[in-house]
Amino acid sequence: MSDILLVLNAGSSSIKFALYEAHTEPTQDHLICEGGIGSLGHCPHHKVVDRHGATVHEAYLPEGAGHDDAIAALIGWIEQRFPDQRIAAAGHRVVHGGDLFDAPAHIDAGVIEQLRSFIPLAPLHQPHSVAAIEALAKLHPKLPQVACFDTAFHHHLPPVATWFALPRELTAQGVRRYGFHGISYEYIASQLPTVAGQEIADGRVVVGHLGAGASMCAMHARKSIATSMGFTALDGLMMGSRTGVLDPGVVLYLLQQKGMTPDAISDLLYRQSGLLGVSSISDDMRTLLASDDPRAEEAIALFVYRIGRELGSLAAALGGLDALVFTAGIGERAPEIRRRVCAQAAWLGVVLDGHANANLSGAGRISSDESKVAVWVIPTDEDLMIACQVWRLVDGGRPA
Ligand SMILES: Nc1ncnc2c1ncn2[C@@H]1O[C@H](COP(=O)(O)OP(=O)(O)O)[C@@H](O)[C@H]1O
Ligand SMILES: CC(=O)OP(=O)(O)O
Ligand SMILES: [Mg+2]
């Protein structure tokens, strides 16, 4: 019997998973298959592809099936499909670890309670990771489970980069910037020396993780020194359906003058805003890029403008900029957005190679030779990063 590692990334309406061979520290070559169950609560769709993207399974779960049903279906499918393999350990993407976790952690009942305490700070993500952990523990009580945190990569931010200008009692209670997408940033940091070279890896780099959630991180020598997301994953850039940075006076106005409830405001800021709110069309960049509705163009213009403003701020925090890296769904697959961000960053000395940008697939440099700032696209791989973190912590499923 051989061992496999299970990686789970539970979102508000989907559970994504990946399986890796566990006989050695995993690389992309050890991916067995990946996929997920989407549209939970509606008409859940279970799809799995192999390492080359070929579909190996496709099915629908009964209408209304939720997270628990999805985990059960997923484990059932894995055990039936791979009867000779043992799940040695499971790693979960956990978005919020507050200041309690600076590294991956073995999950036990105490850790679950700690993770639960952060649910109000990450309502789109945290309840679903906790639900997935508990559902898996119910099915496999002895399975080692590991929490891998989005916040951990930013744990050693300089203190000044974490403070809000609030009374210090609140800062002491943990009301401060944490930063997210750290699993993705850690993966990009691990790739920088081989993809972009040691000089850039040792230098001042801003990484834009532009997906459904979007943030930027300033790295010096591959360490996070400033980042756009804050206490919650609402701050910073405009996102698919989240506002990003917003005058806090707007929240007071909605509460006090418009009579909105906290729940309604939460829904507005997390689910009804961003690309979706500004365009009134979609939260998906593909749809907006394909639309000739002027509202789609306005949403895209604001998305790019906000990235440009944040880039200036992070370059200031770094005292200059050696490289800019694009990653995640939009960063990897939307050359038009990269082109517009780079045009806006011309004042930093960014010069795009239009041909390279338009024709790139995978990782590569998209700036021209005369560009003062090297611009790269590096596809992120949060699943692989989690698999590596789990493998290192549990030594390939043999608990220390
Ligand atoms: N070819 C594409 N062109 C433009 N945007 C894309 C493309 N493919 C994906 N996207 C965008 O990327 C987003 C998803 O990014 P991803 O990093 O996969 O997000 P997440 O992991 O947070 O769900 C989609 O919502 C869509 O807006
Ligand atoms: C933290 C966060 O926003 O994550 P995602 O991009 O997966 O929504
Ligand atoms: Mg993501």
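- Going by what an unreviewed UniProt entry lists, the chain is known as Acetate kinase and is assigned to Rhodopseudomonas telluris.
- For the record of the chain, the UniProt heading Subunit (unreviewed entry) holds the text "Homodimer."
- According to the UniProt record, the Pathway (unreviewed entry) comment for the chain reads "Metabolic intermediate biosynthesis; acetyl-CoA biosynthesis; acetyl-CoA from acetate: step 1/2."

Quick word on the UniProt feature "site: Transition state stabilizer" (unreviewed entry) in the chain
Next up, step 1: In the numbering adopted here, UniProt assigns the feature "site: Transition state stabilizer" (unreviewed entry) to His181 and Arg242.
Next up, step 2: Take histidine 181: it is sitting in the loop between α4 (168-172) and α5 (182-196).
Next up, step 3: Among all residues touching histidine 181, those that are not within four sequence positions of it are Arg93, Asp150, His209, Gly213, Ala214, Ser215 and Met229.
Next up, step 4: Residue placement: arginine 242 occurs in the loop between β11 (223-227) and α7 (248-256).
Next up, step 5: A residue is classified by how much of its surface remains accessible, and arginine 242, at 7% relative accessible area, is buried.
Next up, step 6: Non-local contacts of arginine 242, meaning those with residues more than four positions away in its chain, are made with Leu124, His125, Ala212, Gly213, Met229, Ala233, Leu234, Leu269, Tyr270, Ser273 and Gly274.
Next up, step 7: One polar contact links the side chain of arginine 242 to the main-chain carbonyl oxygen of alanine 233, over a distance of 3.0 Å.

Concerning the UniProt feature "active site" (unreviewed entry) in the chain
Next up, step 1: Taking the numbering used here, the UniProt-annotated feature "active site" (unreviewed entry) corresponds to Asp150.
Next up, step 2: If you trace the backbone, aspartate 150 turns up in the loop between β8 (145-149) and α4.
Next up, step 3: Residue aspartate 150 is classed as buried on the basis of its relative accessible area, which comes to 0%.
Next up, step 4: Setting aside residues up to four positions removed in sequence, aspartate 150 forms contacts with Arg93, Val94, Val95, Gly179, Phe180, His181, Gly182 and Ile183.

A look at the site of ligand 2
Next up, step 1: For ligand 2, the full set of nearby residues is Arg93, His125, Asp150, Phe180, His181, Gly213, Met229, Ala233 and Arg242.
Next up, step 2: The contact in question runs from an oxygen atom of ligand 2 to an N or O atom on the side chain of arginine 93, over 2.8 Å.
Next up, step 3: Protein contacts shield 85% of the accessible area of ligand 2, which totals 260 Å² for the unbound molecule.
Next up, step 4: The residue inventory of the shell around ligand 2, partitioned by class, reads three nonpolar, three polar and three charged.

Topic: the site of ligand 1
Next up, step 1: The local shell around ligand 1 consists of Lys16, Gly211, Ala212, Asp284, Met285, Arg286, Ala328, Gly329, Ile330, Arg333 and Ala334.
Next up, step 2: Contact distances for ligand 1 include 2.8 Å between an oxygen atom and a backbone N or O atom of methionine 285.
Next up, step 3: At 2.9 Å from an oxygen atom of ligand 1 is found a main-chain nitrogen or oxygen belonging to glycine 329.
Next up, step 4: Relative to its unbound accessible surface of 570 Å², ligand 1 loses 73% to contact with the protein.
Next up, step 5: A total of four residues in the shell around ligand 1 trace back to one element, the largest contributor, which is helix α12 (residues 328-333).
Next up, step 6: Class assignment of the residues belonging to the shell around ligand 1 gives a composition of five nonpolar, two polar and four charged.

Re a nonpolar patch on the surface
Next up, step 1: Together, Val278, Leu302 and Tyr305 line one region of the surface with nonpolar side chains, adding up to about 230 Å² of accessible area.
Next up, step 2: Looking at the element boundaries, valine 278 is found in helix α9 (residues 274-279).

Thoughts on the sheet that holds β8
Next up, step 1: Within the open sheet, the eight strands sit side by side as β5-β4-β3-β2-β1-β6-β8-β7. Their pairing is mixed. Across the chains shown, the open sheet's two edge strands, defined by having one partner strand only, are β5 (55-60) and β7 (105-106).
Next up, step 2: Pairing analysis gives five bridges linking strand β6 (residues 85-94) to β8, with the strands arranged parallel. Within β8, the residue paired with alanine 90 across the bridge is glutamine 145.

Quick look at the packing of aromatic side chains
Next up, step 1: Here the structure, examined in full by the defined rule, presents four aromatic pairs.
Next up, step 2: Look at tryptophan 77 and phenylalanine 82: their rings are 6.0 Å apart centre to centre, the planes differ by 90°, and that puts the pair in the edge-to-face class.
Next up, step 3: Look at phenylalanine 82 and you get buried, because its relative accessible area is 15%.
Next up, step 4: Here the aromatic residues Phe17, Trp77 and Phe82 are joined through ring pairs into a cluster of three or more.

Cut-offs applied
- Throughout this document, residue positions are counted from 1 along each chain, in the order its sequence is written.
- Chains and ligands are labelled by the order in which they are written, letters from A for the one and numbers from 1 for the other.
- Local features in this predicted model are restricted to residues whose pLDDT is 70 or higher, and side-chain atom pairs enter the listing and the counts only when it is 80 or higher, whereas totals over whole chains, interfaces and linings include all residues.
- Side-chain calculation: all heavy atoms of the structure are included, whereas hydrogens and water are not.
- UniProt positions are given in the numbering used here, feature names are shortened, and annotations may be inferred rather than shown by experiment.
- Note on conventions: DSSP H or I runs of at least 4 residues are helices, E runs of at least 2 residues are strands, and numbering of each starts at the N terminus.
- Contact between two residues is taken to exist if any of their heavy atoms lie within 4.5 Å; hydrogens are not considered.
- Exposure classes here rest on a 1.4 Å probe applied to the protein chains alone. A residue is buried below 20% of its type maximum, exposed above 50%, and partly exposed in between.
- Within 3.5 Å is the distance limit for a polar contact, defined as a pair of N or O atoms, with the added protein rule that one can donate a hydrogen and the other accept it, and that residues adjacent in sequence qualify only through two side-chain atoms.
- Nearness of a residue to a molecule or strand requires only that one of the residue's heavy atoms be within 4 Å of it.
- Only the protein chains shown count as cover for residues, with accessible areas throughout obtained via the Shrake-Rupley method and a probe of 1.4 Å.
- Here the nonpolar group is Ala, Val, Leu, Ile, Met, Phe, Trp, Tyr, Cys and Pro; Asp, Glu, Lys and Arg are the charged ones; every other residue, Gly included, is treated as polar.
- Here a patch means residues that are over 30% exposed by relative accessible area and free of salt bridges, tied together within 9 Å if like-charged and within 5 Å if nonpolar (Val, Leu, Ile, Met, Phe, Trp, Tyr).
- By salt bridge we mean one thing: a side-chain nitrogen of Lys or Arg within 4 Å of a carboxyl oxygen of Asp or Glu.
- Note on pairing: two strands pair once DSSP finds at least 2 bridges between them.
- Note on ring pairs: Phe, Tyr and Trp rings are taken, using the six-membered ring of Trp, and paired if centres are within 6.5 Å. Classes follow the plane angle, with under 30 degrees stacked, over 60 edge-to-face and the rest tilted.

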